[in-house]
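Descriptive structure summary
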Amino acid sequence: MNYINPQLLWPVNELRDNLDDPRIVIVDMRPPEAYANSHIPGARSFDIFGISLIDTRLQPLEAFLWMIEHLIQAKGVNHDSNVVIYDDIAGMRSARLFWFLEFFGHSDVRVLDGGYNAWIARSSPPTDEAVVPKAGNFKMNPRRELLATVEDVQLRLNSKGSVIVDTRTEG
């Protein structure tokens, strides 16, 4: 399959060959119970899916972004980290953290091609040992052009050049 931005996907063999690289931060976006049963060695569990914001006015938005920044730091993400994100197949959960990191200005973020299922399918050994990372130094530098607030959406509701997609639920 040809992807528009293939550099954003990491093949399983490349991750497996680089597990010892101290710059790599592997983030497991599956539910915590899935992580507890087995995960890619060195991965950190991050259940960001239940964290959301319903009020995009300036103060609540800034507080929410501050909270997400600190959660990302708590997972050991640094400015120079090579972040590899996965869920079962490389779907919505991975995409959410990928978007946050892209919005926050991190320049080295990828999704594991095929996710955890691809890791297992290629006979890569999982583990059940949890990783407790040292806090990272990543600081956000928001790319405002990637965010649509309620005001942005209202301004574009009847615009012929705008498409509004609702992605609020996993379904």
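Each remark here, short or long, concerns the structure printed above.
Presented here is a report on the structure given in the accompanying data block. Quick caveat, the model's predicted, so the values are computed rather than measured. (Residues numbered from 1 in each chain as written. Predicted model: local features only at pLDDT ≥ 70, side-chain atom pairs only at ≥ 80, totals over all residues. Heavy atoms only, no water.)

The subject of this paragraph is the pattern of salt bridges. Inspection of every chain in the model, using the stated rule, returns 7 salt bridges. For Arg57, the salt bridge goes to Asp55, with nearest N and O atoms at 2.3 Å. Salt bridges linked by common partners bring Arg23, Asp108 and Arg110 together as one network. (Salt bridge = Lys/Arg side-chain N within 4 Å of Asp/Glu carboxyl O.)

The 5 strands lie next to each other as S1-S5-S4-S2-S3, forming an open sheet whose pairing is parallel. One side of each edge strand has no neighbouring strand; the edge strands of this open sheet are strand S1 (9-10) and strand S3 (44-45). Bridging between strand S2 (residues 24-28) and S3 involves 2 bridges; their strand directions are parallel. Each residue of the ladder has a partner; that of Val27, found in S3, is Arg44. (Pairing = 2+ DSSP bridges. Helix = DSSP H or I, 4+ residues; strand = E, 2+ residues; numbered from the N terminus.)

Most of S2 sits out of view: 5 of its 5 residues are buried. The alternating pattern of S2 places Ile24, Ile26 and Asp28 and Val25 and Val27 on opposite faces, both of which are buried. Here S2 runs beside strand S4 (residues 82-86); their pairing, made up of 5 bridges, is parallel. Within the sheet, the bridge partner assigned to Asp28 lies in S4 and is Tyr86. (Buried < 20%, exposed > 50% of the residue type's maximum accessible area, 1.4 Å probe, protein only.)

Once that is clear, we can look at the packing of aromatic side chains. Counted according to the given criterion, the structure contains 6 aromatic pairs. An angle of 20 degrees between the planes, with centres 6.0 Å apart, marks the rings of Tyr86 and Tyr116 as stacked. With a gap of 30 residues between them, Tyr86 in strand S4 and Tyr116 in helix H5 (residues 115-121) connect regions that are remote in the sequence. Residue Tyr86 shares its accessibility class with Tyr116, and that shared class is buried. Taking 5.3 Å as the distance between ring centres and 70 degrees as the angle between the ring planes, the aromatic pair formed by Trp99 and Phe100 counts as edge-to-face. By relative accessible area, Trp99 is classed as partly exposed at 28%. Residue Phe100 is classed as buried on the basis of its relative accessible area of 4%. Following the ring pairs from residue to residue traces out a cluster consisting of Phe64, Trp99, Phe100, Phe103 and Phe104. The ring centre of Tyr116 lies 4.0 Å from the NZ or CZ of Arg30, which sits over that ring. (Phe/Tyr/Trp six-rings, centres within 6.5 Å; stacked < 30°, edge-to-face > 60°. Lys NZ or Arg CZ within 6 Å of the ring centre and 35° of its normal.)

Attention now moves to the environment of Ser81. Among the secondary structure elements, Ser81 is positioned in the loop between helix H3 (58-74) and S4. Along the backbone, Ser81 and Ile24 are 57 residues apart, and their C-alpha atoms lie at a distance of 5.7 Å. Excluding residues within four positions of it along the chain, Ser81 makes contact with Arg23, Val25, Gly76, His106 and Asp108. (Contact = heavy atoms within 4.5 Å.)

This part takes up the nonpolar core. For soluble globular proteins, nonpolar side chains are generally found buried alongside one another. Residues Ile48, Ile68, Ile72, Ile85, Leu97, Leu101 and Phe104 are the most contacted members of the largest nonpolar core, which totals 24 residues. Of all elements in the fold, only S2, H3, S4, helix H4 (92-103) and strand S5 (109-112) reach the threshold of two or more residues within this core. If sequence neighbours within four positions are ignored, Leu101 has contacts with Ile72, Val83, Ile85, His106, Val109 and Phe138. Of all hydrophobic cores here, the second largest spans 14 residues; its members include Ile26, Tyr35, Val84 and Tyr116. (Core = buried A, V, L, I, M, F, W, Y, C linked by side-chain atoms within 4.5 Å.)

In this section: the layout of surface pockets. Computed from the structure, the second largest pocket encloses a volume of approximately 180 Å³. What lines the second largest pocket is a set of 10 residues, among which Ser94, Ala95, Phe98, Trp99 and Val111 lie closest to the centre. Partitioning the lining of the second largest pocket into residue classes produces 7 nonpolar, 2 polar and 1 charged. (1 Å grid on protein atoms, 1.4 Å probe; cavity = no way out; pocket = protein on both sides within 12 Å on 5 of 7 lines; lining within 4 Å. Points joined across faces, edges and corners; volume = space filled by probe spheres on them. Nonpolar A, V, L, I, M, F, W, Y, C, P; charged D, E, K, R; others polar.)

Distances and angles like these do not, on their own, reveal function.
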